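What the coordinates show
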Amino acid sequence: AYVGGFVDLITKRPTFDAQKGEVSFTAGSYDVYRWSADHNIPVSDTVAVRYSYSGEDSKGFYESEYRKTQSLYTALTFKPSD
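Quick caveat: nothing in here was measured; it's all calculated off a predicted structure. (Residues numbered from 1 in each chain as written. Predicted model: local features only at pLDDT ≥ 70, side-chain atom pairs only at ≥ 80, totals over all residues. Heavy atoms only, no water.)

Below, the discussion takes up the packing of aromatic side chains. What the rule picks out here adds up to 1 aromatic pair. When the centroid spacing of 6.3 Å and the interplanar angle of 20° are considered together, the rings of Phe25 and Tyr33 count as stacked. Using a relative accessible area of 34% as the deciding quantity, one classes Tyr33 as partly exposed. (Phe/Tyr/Trp six-rings, centres within 6.5 Å; stacked < 30°, edge-to-face > 60°. Buried < 20%, exposed > 50% of the residue type's maximum accessible area, 1.4 Å probe, protein only.)

To continue, consider unusual backbone geometry. The backbone of Tyr30 shows a phi angle near 60°, a positive value even though the residue is not glycine. The residue Tyr30 is located in the loop between β1 (20-28) and β2 (32-42) in this model. For Asp31, which is not a glycine, the phi torsion comes out positive at approximately 55°. Mapped onto the elements, Asp31 comes out in the loop between β1 and β2. When its relative accessible area of 37% is taken as the criterion, Asp31 is described as partly exposed. (Helix = DSSP H or I, 4+ residues; strand = E, 2+ residues; numbered from the N terminus.)

Honestly, it's all geometry; don't read function into it.
Now the structure itself:
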């Protein structure tokens, strides 16, 4: 009955093209608040790093339901040379 959904896969792999960042915030029903920040840094031609932070402060539909989370991720890419 009404089964469905979607998958949205967004890679957090560091890139070598440019230093860039992104910030997002989402607010929804039942006091749902989510936020994230990403920063990509190409260190050299062979090394790149990406820092990602995400958090959530949400109450739920049910009484005494809540979610308070914070996460910090770091990804490193290395391209070996010949």
